[in-house]
Amino acid sequence: MARILALDYGKVRTGIAVTDELQLIASGLTTVATKDLLSFLKDYIATERVEKVVVGLPKQMDNTPSESEGLIQGFLKKFKAQFPTMPLDRQDERFTSKMAVQSMIQGGVKKKKRQDKALVDEISATLILQAYLNRY
């Protein structure tokens, strides 16, 4: 089997998480500047077996798309042009940032480290990926 990669896409930073090769466990991989995301993915996919990419789907409480969905749609077009055969899926990402901070608190992470937005984005990507895995 190959890995599944998840993205918590943001205007400035994108959190990235990945499964193990058996697709059982989601783990944070890194956070990259969004402007460098396609380059990072090209390198990663060239060196690791990736079966699918899951991108967070930001929704409002009433199930309508959030503002950032427009940015994500632009990225998805570029992604599909760069990786035309790579399967792509979406996963609801509501509350993942709040859940990421909460998990850091429960894990005893110091307040200063919890303010690291890159770490929050990476944990959010992990939560998106784990929720995706739990669907199947």
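Located above this text is the structure these notes cover.
Residues numbered from 1 in each chain as written. Predicted model: local features only at pLDDT ≥ 70, side-chain atom pairs only at ≥ 80, totals over all residues. Heavy atoms only, no water.

Digging into the sheet that holds strand β3 (residues 26-33)
Right, so step 1: With respect to topology, five strands assemble into an open sheet ordered β3-β2-β1-β4-β5, the strand pairing being mixed. Edge positions in the sheet fall to β3 and β5 (88-92), since each of these pairs with one other strand and no more. For this sheet the average axis-to-axis angle between neighbouring strands, irrespective of direction, equals 25°.
Right, so step 2: Judged from the seven bridges that link them, strand β2 (residues 13-19) and β3 form a sheet pairing that is antiparallel. (Pairing = 2+ DSSP bridges. Helix = DSSP H or I, 4+ residues; strand = E, 2+ residues; numbered from the N terminus. Axes fitted to C-alpha atoms, helices over the stretch in contact; angles between N-to-C directions.)

Focus: a nonpolar patch on the surface
Right, so step 1: A cluster of nonpolar side chains, contributed by Met-1, Leu-22, Leu-24 and Ile-25, occupies part of the molecular surface with about 450 Å² of accessible area.
Right, so step 2: With respect to the helices and strands, the residue Met-1 is situated in the segment before β1 (3-8).
Right, so step 3: Overall, the relative accessible area of 56% leaves Met-1 in the exposed class. (Patch = residues over 30% accessible without salt bridge, like charges linked within 9 Å, V, L, I, M, F, W, Y side chains within 5 Å. Areas by Shrake-Rupley, 256 points an atom, 1.4 Å probe, with all protein chains shown as cover. Salt bridge = Lys/Arg side-chain N within 4 Å of Asp/Glu carboxyl O. Buried < 20%, exposed > 50% of the residue type's maximum accessible area, 1.4 Å probe, protein only.)

Description of the pairing of strand β4 (residues 50-57)
In regular strands, side chains alternate between the two faces of the sheet.
Right, so step 1: Within β4, six of the eight residues are buried, which leaves the element mostly enclosed by the surrounding structure.
Right, so step 2: Bridge count between β1 and β4: five bridges; the pairing is parallel. Paired with Ala-6 across the bridge in β4 is Val-54.
Right, so step 3: Bridging between β4 and β5 involves five bridges; their strand directions are parallel. Its bridge partner being in β5, Val-55 is matched across the sheet by Arg-90.
Right, so step 4: Running through helix α2 (residues 69-82), the crossover from β4 to the neighbouring parallel element β5 is right-handed. (Right-handed = clockwise from strand over helix to strand, strands pointing away.)

Thoughts on the pairing of β1
Right, so step 1: Counting buried positions along β1 yields six of six residues, so the element is predominantly enclosed.
Right, so step 2: Burial along β1 is two-sided: the residues Arg-3, Leu-5 and Leu-7 and Ile-4, Ala-6 and Asp-8 are all buried.
Right, so step 3: As consecutive antiparallel partners, β1 and β2 are separated by four residues.

Side note on the pattern of salt bridges
Right, so step 1: Per the counting criterion, the structure on display carries four salt bridges.
Right, so step 2: Between Glu-48 and Arg-3 there is a salt bridge, with its nearest N and O atoms 3.2 Å apart. Highlighted residues: Glu-48 in the loop between α1 (37-47) and β4 and Arg-3 in strand β1, separated in sequence by 45 residues.
Right, so step 3: Of the charged contacts, one joins Arg-90 and Glu-69 as a salt bridge, the two residues approaching to 2.8 Å between their closest N and O atoms. Note that Arg-90 is positioned in strand β5 and Glu-69 in helix α2, a separation of 21 residues in sequence. No difference in accessibility class separates Arg-90 from Glu-69, as the two residues are buried.

The quantities given are spatial measurements derived from coordinates; they are silent on function.
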